[in-house]
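Given next are the chains, with one letter for each unit.
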Amino acid sequence: MIKRKRPVNQSTRQLITKLNPRSPISEQFRTIRTNLQFASIDEKLETILVTSPGPSEGKSSIIANLAIVFAQQGKRVLLIDADMRKPTVHYTFKVDNRRGLSSVLVGEDALEEALQQSDITNLDLLSSGPIPPNPSELLGSKKMRQLIEKAKNIYDLVIFDSPPVLAVTDAQILANDVDGTLLVVRSKQTDQDAALKAKDHLESVNAKLLGVVLNDVESKKDQYYYYGQ
Ligand SMILES: Nc1ncnc2c1ncn2[C@@H]1O[C@H](COP(=O)(O)OP(=O)(O)OP(=O)(O)O)[C@@H](O)[C@H]1O
Ligand SMILES: [Mg+2]
């Protein structure tokens, strides 16, 4: 459960786990990290997809912070921007987006050429690359599965940002290729029917649903603890 702290500055994306790793919100991200590790004890969890039923529910913000807390734990992490419709990883981490997932999938660049270091130790990025006309086709290609295998050989954990599951098929396609999927829903925004529908969509492709993150919950008690630090 991610609690709302203060209005977001739209001009830049602040990463709380980077700016203030000791805050209660960062602690909540570490709790999600632990829960994910427990959610898959018997099977390997090397690839995780983050999606949500609809737009703007917090997928990209949550995945960026999750990538950071996994990297802070000492894991070699790769964050892939597989939202080739509304990509944000390059913007969030202020890296170049001329090369990325799309350019690797169409064979313009080798994966190694498109990988970029972030300013966080242990965290590398594969931004979306130029927006392609056919994201679903690219994500469903044999080349994408080869890319995932290659990335798994280099990194301990590979996590994927994606478009909303009810809007386009991209997340379903990816859910089938990863070890587990995390669904983000947003307080006062996601309706119950949409959440259930998203779960059905994911289950219909045999996705392993690892859990649901409830984003943007207000809590006076936690604000007290936050400011009381
Ligand atoms: N817990 C939160 N508190 C306040 N603002 C938030 C919170 N989570 C997300 N936001 C803001 O809401 C907006 C949408 O978030 P984000 O881009 O992470 O969602 P998304 O699900 O990736 O959206 P899209 O469907 O466009 O990819 C952003 O401006 C983000 O800063
Ligand atoms: Mg997003």
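For the structure itself, consult the block above.
All values derive from a computational prediction rather than experimental measurement. (Residues numbered from 1 in each chain as written. Chains lettered and ligands numbered in written order. Predicted model: local features only at pLDDT ≥ 70, side-chain atom pairs only at ≥ 80, totals over all residues. Heavy atoms only, no water.)

Unusually for a residue other than glycine, asparagine 122 sits at a positive phi of about 80 degrees. One non-glycine residue, lysine 188, adopts positive backbone phi at about 65 degrees. Counting through the fold element by element, lysine 188 comes out in the loop between β7 (180-186) and α10 (192-203). (Helix = DSSP H or I, 4+ residues; strand = E, 2+ residues; numbered from the N terminus.)

The subject of this paragraph is the site of ligand 1. Taken together, 16 residues form the shell around ligand 1, and within it Arg13, Lys59, Ser60, Ser61 and Lys86 come nearest. For ligand 1, an oxygen atom lies 2.8 Å from a polar atom in the side chain of serine 60. Starting from 640 Å² of accessible surface for ligand 1 in isolation, the protein chains cover 86%. Those elements that provide at least two residues to the shell around ligand 1 are α3 (59-72) and β8 (209-217). For the shell around ligand 1, the leading source of residues is α3, giving three residues. (Near = heavy atom within 4 Å. Polar contact = N/O pair within 3.5 Å; in protein donor to acceptor, adjacent residues only side chain to side chain. Areas by Shrake-Rupley, 256 points an atom, 1.4 Å probe, with all protein chains shown as cover.)

What follows concerns the pairing of strand β3 (residues 77-81). Burial runs high along β3: five of the five residues are buried. What you see with β3 is no split at all: Val77, Leu79 and Asp81 on one side and Leu78 and Ile80 on the other are buried throughout. Note that β3 and strand β5 (residues 123-126) share four bridges and pair parallel. Looking across to β5, one finds that isoleucine 80 is bridged to leucine 126. (Buried < 20%, exposed > 50% of the residue type's maximum accessible area, 1.4 Å probe, protein only. Pairing = 2+ DSSP bridges.)

Here we take up the nonpolar core. Soluble globular proteins tend to pack their nonpolar side chains together in the buried interior. Grouped together as the largest cluster of nonpolar side chains are 32 residues, with contacts concentrated most on Phe29, Leu36, Leu66, Leu79, Phe93 and Leu123. When contributions to this core are tallied by element, the ones reaching two or more residues are α2 (24-39), β2 (47-51), α3, β3, β5, β6 (157-161), β7 and β8. For this core, the element with the highest residue contribution is α3, accounting for nine residues. When sequence neighbours within four positions are dropped, the list of residues in contact with leucine 36 reads Leu45, Ile48, Leu66, Phe70, Leu182 and Leu210. Of all hydrophobic cores here, the second largest spans 30 residues; its members include Ile80, Ala114, Leu126 and Phe160. (Core = buried A, V, L, I, M, F, W, Y, C linked by side-chain atoms within 4.5 Å. Contact = heavy atoms within 4.5 Å.)

The next thing to look at is α2. For α2, with 16 residues, the first-to-last C-alpha span of 22 Å sits near the 22 Å given by 1.5 Å per residue. Those residues of α2 that sit buried are Ile25, Ser26, Gln28, Phe29, Arg30, Ile32, Arg33 and Leu36. (Expected span 1.5 Å × (residues − 1).)

What follows covers the packing of α2 against α3. A packed helix pair is summarised by two numbers, namely the angle formed by the two axes and the spacing between the axes. As a packed pair, α2 and α3 sit with axes 9 Å apart at the nearest point and diverge in direction by 75 degrees. One finds that α2 runs roughly perpendicular with respect to α3. Residue-level inspection shows Ser26, Phe29, Arg30, Ile32, Arg33, Leu36 and Gln37 of α2 in contact with α3, the latter providing Ile62, Asn65, Leu66, Val69 and Phe70. For the contact of α2 with α3, the class distribution of residues is seven nonpolar, three polar and two charged. (Axes fitted to C-alpha atoms, helices over the stretch in contact; angles between N-to-C directions. Parallel < 35°, antiparallel > 145°, perpendicular 65-115°, else oblique. Nonpolar A, V, L, I, M, F, W, Y, C, P; charged D, E, K, R; others polar.)

A few words on the pattern of salt bridges. Scanning all chains against the criterion turns up 13 salt bridges. When the shortest N-O distance is used, the salt bridge between lysine 152 and glutamate 149 registers 3.5 Å. Note that lysine 152 and glutamate 149 are positioned in helix α8 (residues 142-154) at a spacing of three residues, about one turn of the helix. The exposure class of glutamate 149 is partly exposed, given its relative accessible area of 44%. (Salt bridge = Lys/Arg side-chain N within 4 Å of Asp/Glu carboxyl O.)

This paragraph deals with α3. Between its terminal C-alpha atoms α3 stretches 20 Å, which fits the 20 Å expected from 14 residues at 1.5 Å a residue. Of all 14 residues in α3, 12 are buried, a share of seventy percent or more. Restricting attention to buried positions, one finds in α3 the residues Lys59, Ser60, Ile62, Ile63, Ala64, Asn65, Leu66, Ala67, Ile68, Val69, Phe70 and Ala71. Positive backbone phi, approximately 100 degrees, marks glycine 74, located one or two places after α3.

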